[in-house]
Structure formats: structure tokens, C-alpha cells
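Listed below, chain by chain, are the residues.
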Amino acid sequence: MAPVPPGIRFLASFKRDQWYRAFTFGLTFLLYTSFHLSRKPISIVKSELHKNCSALHELSTAGSRQLPSLHTETDCSWKPFDKSNYKQLLGAMDYSFLCAYAVGMFLSGIIGERLPIRLYLTFGMLMSGLFTCLFGLGRIYNIHNLSFYIFVQVANGLVQTTGWPSVVTCIGNWFGKGRRGLIMGIWNSHTSVGNILGSLIAGYWVSSNWGLSFIIPGLVIAAMGVVCFLFLIEREYCSVTGWRKSICVINPRSPSQNWDTELLLPVQQVVVVKSESEPSAISFMGALRIPGVIEFSLCLLFAKLVSYTFLFWLPLYITKAAHLDAKKAGELSTLFDVGGIVGGILAGVISDKLGKRATTCAVMLLLAAPTLYGFSMISEFGLGPTIGMLLVCGGLVNGPYALITTAVSADLGTHKSLKGNSRALSTVTAIIDGTGSVGAAIGPLLAGVLSSRGWNQVFYMLMAADFLALMVCARMLIF
């Protein structure tokens with residue numbers, strides 16, 4: 001057989017490399033979609049855990065004379081959420097998950113840097129599937145102990161911290177800085193896709209058997225964990241010997257393992273060669289010393305506080321302000337996520353063109369504060385203005401949040417101060433998102449307290465948080 005010219009060899013390798021990039025993009029998108037899919041059921045099932053018993057009593061009275069006596073407080077609600085303090089109990093489940101997630105995130109990145117990403121992510125997804133299913137099994141096996149549900153939420157919050165640092169590290173390894181903002185802006189839409197799918201799956205079974213609303217998503221994320229184990233390729237390497245120096249090599253193992261796998265063209269045989277010593281994983285304090293990590297972490301704390309407050313409280317606010325029922329308010333609130341997808345992509349594109357992530361975040365935060373005030377005013381004037389403001393607010397609120405958790409984290413994890421050591425990406429991502437998760441836990445809690453004094457107080461709190469996030473970004477621009 002005639003020898004293949006070096007140019008053809010390079011072209012074939014280039015096409016292979018592009019295919020691997022596209023495959024990794026799609027696979028990590030689906031993997032993290034399953035994380036959000038498994039988180040969503042709790043918000044859908046809450047209304048089933050505590051029902052309006054008097055309404056059910058009236059319906060049964062109208063339909064049959066024999067049913068009224070069967071509808072007691074215990075029948076229509078699920079213990080222990082059948083008492084008058086059910087809002088506090090349901091809130092405790094939310095905060096137990098969010099607080100565990102925030103605390104675990106700081107540890108997850110450090111652990112993830114020292115383990116193969118593929119194995120670490122697989123373990124987290126399988127365990128998350130287990131704990132999600134356990135919550136649903138509480139319905140199957142008639143478990144009415146609050147401690148059981150709190151334990152499941154805490155455990156699930158901890159194991160789900162394996163997800164974000166792992167997928168961001170993987171996608172950051174495959175895509176360079178040139179178009180990272182655009183690529184990650186599109187990629188980050190997995191959050192909204194997962195929320196939508198989770199709502200549809202949980203809603204299908206919520207009335208008939210709410211346990212399946214958890215069990216099915218739990219099985220989905222566990223199945224995706226198996227897919228991760230079988231197919232995830234963590235990063236690419238390039239050979240430095242002979243004519244193969246232009247050919248990127250695919251390594252299915254972790255950088256911590258001392259082997260490179262080189263694909264030789266055109267016969268596609270695999271030759272294993274010893275690699276040079278790998279750089280050591282960065283420490284927690286070492287990651288904090290990377291320029292910008294502390295500033296962007298604090299910025300995300302306030303930005304995520306605003307985003308998650310909308311996530312937990314927006315449907316209820318729309319119900320009160322626009323005088324809609326809960327179903328329509330929930331459907332309308334998804335426009336905030338749609339705006340968030342557009343905002344995340346725009347933030348990525350603009351920051352790529354300008355080459356300035358902090359400036360992009362600062363401008364969007366500057367516009368977000370008055371927009372929030374406008375939303376609190378205009379939402380009382382009808383459905384049309386509310387729809388428009390939901391899209392605008394979603395874009396401006398979630399744009400900086402999406403940019404910091406993706407492109408900024410990837411940039412800082414490969415900062416020039418690391419001198420080529422890319423083993424800091426998972427730790428940096430965990431620090432930034434872990435700090436943001438503290439805000440995610442605090443925001444809904446503050447909103448619950450302030451809403452009793454009027455919704456204006458909640459919006460003042462959100463505007464103050466956006467202003468503080470802007471101040472942190474402005475510091476990076478000035479200094």
C-alpha cells in the first residue's frame with residue numbers, strides 16, 4: 001500500500017479531532033442536563049405533599065355522598081407535611097439541599113483534581129440517582145419521617161457537587177479561549193433544558209404516584225452515569241515526536257495517570273507511550289491566589305442570589321401580581337429561563353469579541369438593577385408587559401451568572417500565572433460555584449422573610465445584590 005502523505009494524515013486527524021470535540025460537547029451537555037432534571041421534581045411535588053383539603057372535600061361532596069368522610073387531613077396531605085407549618089418544612093428541604101451543595105462544592109473541586117474525571121463524575125451520578133430514587137421510595141414504602149427526607153436531600157446535595165467542576169473541566173480542556181464564551185454560552189443552556197424536562201417528567205406522575213416523579217429522573221441520571229463511564233473522554237493531548245507533532249491525541253484516561261494513547265493514521269492502531277511527568281494538582285489556597293478568582297467568586301455570590309430567588313419565588317410573585325392561577329404562573333415563569341438562555345449566549349459572544357469578561361458582566365449587572373425595578377412596577381399592568389420584562393430580566397440576571405460559571409471559570413483555571421498547569425480547572429470552578437451557591441441558599445431565605453413585608457422589599461434586596469455584584473466587577477476593571 002502506498003504511503004499516506006503527511007498532509008492527508010493531518011487532515012484526517014483534524015477531522016477526527018473536531019468530531020471528538022462535538023461529541024464531548026454533546027455528551028457533557030446531556031450529562032449535566034440529567035443533573036438539573038433530577039433536581040426539579042421537588043418543586044413540582046410540593047403541591048402534592050400538602051394539598052388544599054377543604055377544596056378536595058367540596059369536590060368529593062359534589063361527586064358522591066359516600067366520599068366526604070374519607071377525606072381527612074391525613075388523606076389529602078403527606079405526613080409530616082400535613083401540618084400548618086408545612087411551608088417551613090418544605091423550605092427546610094430546599095435549604096438542606098442548597099446548603100449541602102454549597103459546602104460540598106468547595107471540597108469537590110479539590111477531590112476532583114486528584115481523581116480521574118470520568119470515574120469521579122460517574123460515581124457522583126450513580127449516587128445522585130440512588131438518593132433521588134430514595135426520595136420517591138418514601139412514597140412507595142409510606143415513610144413519614146422528616147429526618148429521612150432531610151437526609152436524602154443533604155446527601156443528594158453533596159454528591160451532586162461532583163457534576164459542575166467535572167463537566168466544566170472537561171469542556172474547558174477541549175475548547176480554547178478563542179470562542180469559549182460563545183461555545184459555553186450555548187452549552188450552558190443545559191440548565192434550562194434540564195429544568196423543563198424535569199418538570200414534564202415529574203408532572204406526568206405527580207397526581208397519580210408522586211414517588212415516580214423522583215424515581216424516573218433518578219434512573220435517568222444513573223443511566224447517564226453509565227454512559228459517562230463508557231464514553232467520556234476527558235481531554236486531548238498532542239504528540240511531540242516526528243511528523244505526528246501536529247496530530248492531537250485522544251487520551252481516555254486522566255492526566256494523573258502516566259500514559260498517553262496515540263492514534264496513528266491511517267490504520268488507526270493504538271500505541272501506548274510513556275508521557276512526561278504531569279504537573280501536580282493545585283491547592284485550595286493556591287487557587288485563591290490566581291488573579292480574579294476571589295473577585296469573580298464574590299460577584300457570582302450576589303448574581304446567583306438574584307437568579308435563585310427568581311427560581312424559587314417567581315411563580316408565586318406572578319400569581320399575586322398578574323392575578324393568574326398557579327399553573328399559568330408556572331408556565332409564564334419559564335420565559336425567565338428563555339431570556340436566561342439568550343442572555344448567556346449574548347454574554348459569551350460579546351465577551352469573546354471584546355476579550356473582556358469582567359466588562360461584559362459589569363455592563364449587564366448595571367442594566368439589571370433598574371430593569372428589576374421596572375419589572376416590579378410594570379408587571380402590574382397586564383400580561384404583555386410582564387412577558388417582555390420577564391425575557392429582559394432573565395437575560396440580564398442570568399447572563400453574568402452563566403458567563404462566570406462557564407467561560408470565566410475555564411479562563412481562570414488555565415490562567416497564565418499557572419505556567420501551563422491545567423490541573424487547577426476543577427478546583428477553581430468549585431471555588432467560584434461553591435461561593436455562588438452560598439448566595440443561592442441565602443437569596444430564597446431572605447425573600448421568604450422579606451415577602452411578608454411586601455414584594456417591594458424583595459426587589460430592593462435583589463437590586464442591592466446586583467449593585468454589590470457590580471461593585472466587585474468594577475474593582476477588577478479599576479485595579
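Looking at an unreviewed UniProt entry, the protein chain carries the name Solute carrier family 37 member 1, with the source organism given as Hucho hucho. In its Subcellular location (unreviewed entry) section, the UniProt record describing the protein chain reads: "Membrane".

Enquirer: Give a detailed account of the overall build of the protein chain, specifying residues and quantitative values.
Expert: Looking only at helices and strands, the protein chain has 18 helices and four strands in total. The 479 residues of the protein chain split such that 54% are buried.

Enquirer: How would you sum up the nonpolar core? Please name residues and give values.
Expert: Core analysis: the biggest nonpolar cluster contains 62 residues, and Leu121, Met125 and Trp164 have the highest contact counts within it. In terms of residues, this core owes the most to one element, helix α16 (residues 383-413), which gives eight residues. Those residues in contact with Met125 that lie beyond four places of it in its chain are Leu31, Ser34, Phe35, Ile221, Ala222, Met224, Gly225 and Cys228. Residues Val306, Tyr317, Phe375 and Met389 belong to the second largest nonpolar core, which totals 24 residues.

Enquirer: Run through the pattern of salt bridges, naming residues and quoting values.
Expert: Tallied over the full model, the rule gives two salt bridges. Across the pair Asp433 and Lys304 runs a salt bridge whose closest N-O atoms are separated by 3.0 Å. Of the two residues, Asp433 is situated in helix α17 (residues 425-450) and Lys304 in helix α13 (residues 293-321); the sequence distance between them amounts to 129 residues. Each member of the pair, Asp433 together with Lys304, is buried.

Enquirer: Any chance you could break down a nonpolar patch on the surface for me, citing the residues and the numbers?
Expert: On the surface, a nonpolar cluster with roughly 540 Å² of combined accessible area is contributed by Leu119, Leu126, Val226, Phe229, Leu230 and Phe231. Contributions of two or more residues to the nonpolar patch are made by α6 (117-140) and α11 (210-231). For the nonpolar patch, the leading source of residues is α11, giving four residues. Relative to the elements of secondary structure, Leu126 occurs in helix α6.

Enquirer: Give a detailed account of α13, specifying residues and quantitative values.
Expert: Given a rise of 1.5 Å per residue, 29 residues ought to cover 42 Å, and the 39 Å separating the end C-alpha atoms of α13 matches this to within 8%. Of all the bends in α13, the largest measures some 55° and sits at Trp313, one to four residues before the proline Pro315. The first or second residue beyond α13 is His323, which carries a positive phi of 60°.

Enquirer: Got a sec to walk through the side chain of Thr429? Specific residues and values, please.
Expert: Looking at where Thr429 falls in the secondary structure, it is placed in helix α17. Residues within four places of Thr429 in sequence aside, it is in contact with Trp164, Pro165, Val168 and Ser409.

Enquirer: Mind laying out the environment of Ala430, listing which residues take part and the relevant values?
Expert: With respect to the element layout, Ala430 can be found in helix α17. Along the primary structure Ala430 and Thr405 are separated by 25 residues, whereas in three dimensions their C-alpha atoms are 9.4 Å apart. Leave out the neighbours within four places in its chain, and Ala430 touches Met105, Gly109 and Pro165.

Enquirer: Can you lay out the packing of aromatic side chains for me, pointing to particular residues and giving the numbers?
Expert: Summed over the entire model, instances satisfying the criterion amount to 19 aromatic pairs. Judged by centre distance (5.4 Å) and plane angle (5°), the rings of Trp19 and Phe23 are stacked. Of this pair, Trp19 and Phe23 both sit in helix α1 (residues 6-39), four residues apart, roughly one helical turn. A relative accessible area of 54% means that Trp19 is categorised as exposed. Residues Phe131 and Phe151 carry aromatic rings whose centres are separated by 6.3 Å and whose planes lie at 85° to one another, so their mutual orientation is edge-to-face. On the criterion of sequence distance, the pair formed by Phe131 in helix α6 and Phe151 in helix α7 (residues 146-159) is long-range, its members being 20 residues apart.

Enquirer: Please give an account of helix α8 (residues 163-174) that cites residues and values.
Expert: Look at α8: 17 Å from first C-alpha to last across 12 residues, which is about the 16 Å you get at 1.5 Å a residue. Taken across its 12 residues, α8 has 12 buried, putting it largely inside the fold.

Enquirer: Explain the packing of helix α2 (residues 41-49) against α11 to me, using residue names and the numbers behind them.
Expert: Axis separation between α2 and α11 bottoms out at 9 Å; the angle between their running directions is 170°. As judged from the angle between their axes, α2 and α11 are roughly antiparallel. Residues Pro41, Ile42, Val45, Glu48 and Leu49 of α2 pack against Trp210, Ser213, Phe214 and Pro217 of α11. When the residues that make up the contact of α2 with α11 are grouped by side-chain class, the tally is seven nonpolar, one polar and one charged.

Cut-offs applied
- Residues numbered from 1 in each chain as written.
- Predicted model: local features only at pLDDT ≥ 70, side-chain atom pairs only at ≥ 80, totals over all residues.
- Heavy atoms only, no water.
- UniProt positions renumbered as here; feature names shortened; annotations may be inferred.
- Helix = DSSP H or I, 4+ residues; strand = E, 2+ residues; numbered from the N terminus.
- Buried < 20%, exposed > 50% of the residue type's maximum accessible area, 1.4 Å probe, protein only.
- Core = buried A, V, L, I, M, F, W, Y, C linked by side-chain atoms within 4.5 Å.
- Contact = heavy atoms within 4.5 Å.
- Salt bridge = Lys/Arg side-chain N within 4 Å of Asp/Glu carboxyl O.
- Patch = residues over 30% accessible without salt bridge, like charges linked within 9 Å, V, L, I, M, F, W, Y side chains within 5 Å.
- Areas by Shrake-Rupley, 256 points an atom, 1.4 Å probe, with all protein chains shown as cover.
- Expected span 1.5 Å × (residues − 1).
- Bend = angle between axes of the 7 residues up to and from the residue.
- Phe/Tyr/Trp six-rings, centres within 6.5 Å; stacked < 30°, edge-to-face > 60°.
- Axes fitted to C-alpha atoms, helices over the stretch in contact; angles between N-to-C directions.
- Parallel < 35°, antiparallel > 145°, perpendicular 65-115°, else oblique.
- Nonpolar A, V, L, I, M, F, W, Y, C, P; charged D, E, K, R; others polar.

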